[in-house]
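Here is what each chain is made of, one letter per residue.
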Amino acid sequence: MNGKFPGTTRDERLGILLWYRLSRFYNQSVRLSNQHLKKWGLTLAQFDCLVHIGTNEKICQRDLAEKLLVTKGNIAQILAKMEKAGWIKREKEWRTNYLSLTEKGKKLLEAELPEQERFQAAQFSPLTAEEKKRMLTHLRKLQKQWGGRK
């Protein structure tokens, strides 16, 4: 903190440092997840899509984009690659694109999901169960401040 943030209060400096630490952790987590998912030929964005589409038997493309907090253009590119790989299928009903998993997509998700969940959970293994609970409480509180989902 040694004067590296002139014109800020101690509390603001703590907030800035916390944001940097969270940002670095998140970016590292995404990088590690993408490396881990390579063995299935997946990216983290594609994995997220598989999970959301697999959780809902059928979901419209717009709702998926909103859940993943991505743009329509970004989701269209991701889905085009997934469709080409044979993991998803699109069905158009009037002006709405609905998405569902193909048999190949279901098998991929079934094979990969448990391992990816273990991988993600392991990133928090240095924390005790109590620390994880407290962290969840704090993150929910921050997310609620900005109107985010619980």
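Basis of the calculations
- Residues numbered from 1 in each chain as written.
- Predicted model: local features only at pLDDT ≥ 70, side-chain atom pairs only at ≥ 80, totals over all residues.
- Heavy atoms only, no water.
- Core = buried A, V, L, I, M, F, W, Y, C linked by side-chain atoms within 4.5 Å.
- Buried < 20%, exposed > 50% of the residue type's maximum accessible area, 1.4 Å probe, protein only.
- Helix = DSSP H or I, 4+ residues; strand = E, 2+ residues; numbered from the N terminus.
- UniProt positions renumbered as here; feature names shortened; annotations may be inferred.
- Axes fitted to C-alpha atoms, helices over the stretch in contact; angles between N-to-C directions.
- Parallel < 35°, antiparallel > 145°, perpendicular 65-115°, else oblique.
- Left-handed = near helix turned anticlockwise from the far one by under 90°.
- Contact = heavy atoms within 4.5 Å.
- Phe/Tyr/Trp six-rings, centres within 6.5 Å; stacked < 30°, edge-to-face > 60°.
- Lys NZ or Arg CZ within 6 Å of the ring centre and 35° of its normal.
- Nonpolar A, V, L, I, M, F, W, Y, C, P; charged D, E, K, R; others polar.

Enquirer: Lay out the nonpolar core with the relevant residues and their values.
Expert: In a soluble, globular protein the nonpolar side chains are often hidden away together inside. The biggest cluster of nonpolar side chains holds 22 residues, and the ones touching the most others in it are Cys49, Leu50, Ile53, Leu64, Leu79, Met82 and Ile88. Within the residue set of this core, elements represented by two or more residues are helix H2 (44–55), helix H3 (61–68), helix H4 (72–84), strand E3 (96–101) and helix H5 (103–122). For this core, the element with the highest residue contribution is H2, accounting for five residues.

Enquirer: Could you give an account of the UniProt feature "domain: HTH marR-type" (unreviewed entry) in the chain, naming the residues involved and the relevant values?
Expert: Mapped onto the present numbering, the UniProt feature "domain: HTH marR-type" (unreviewed entry) falls on residues 15–144. Split by type, residues 15–144 is 71% helix and 11% strand. Its first and last C-alpha atoms lie 17 Å apart.

Enquirer: Summarise the packing of H2 against H5; cite the residues concerned and give the values.
Expert: In a pair of packed helices, the angle between the axes and the distance between the axes together describe the arrangement. Contact geometry for H2 and H5: axes closest at 10 Å, N-to-C directions at 110°. Taken together, H2 and H5 sit at an angle that is classed as roughly perpendicular. Note on packing geometry: the crossing formed by H2 with H5 is left-handed. Between H2 and H5, the contacting residues are Leu44, Phe47, Leu50, Val51 and Gly54 on the first element and Gly105, Leu108, Leu109, Glu112, Leu113 and Gln116 on the second.

Enquirer: Before we move on, could you go through the packing of aromatic side chains and cite the residues and values that matter?
Expert: Evaluated as defined, the whole model comprises two aromatic pairs. Consider the rings of Trp19 and Tyr20, whose centres lie 5.2 Å apart with planes at 65°: the pair is edge-to-face. Relative to Phe124, the ring of Phe25 lies with its centre 5.4 Å away and its plane at 55°, an arrangement referred to as tilted. One end of the pair, Phe25, is in helix H1 (residues 10–37); the other, Phe124, is in the loop between H5 and helix H6 (129–145), with 99 residues separating them in the sequence. Judged by its relative accessible area of 29%, Phe124 is partly exposed. Above the plane of the ring of Tyr98 lies Lys58, whose end atom (NZ or CZ) is 5.0 Å from the centre.

Enquirer: Outline the packing of H3 against H4, supporting the account with residue identities and numerical values.
Expert: Taken N-terminus to C-terminus, the directions of H3 and H4 make an angle of 110°; their axes are 10 Å apart at the nearest point. Regarding the angle of H3 to H4, the classification is roughly perpendicular. Crossing of H3 over H4 shows right-handed handedness. Two secondary-structure elements touch here, H3 through Gln61, Leu64, Ala65 and Leu68 and H4 through Ile75, Ala76 and Leu79. Taken together, the residues of the contact of H3 with H4 break down into six nonpolar, one polar and no charged.

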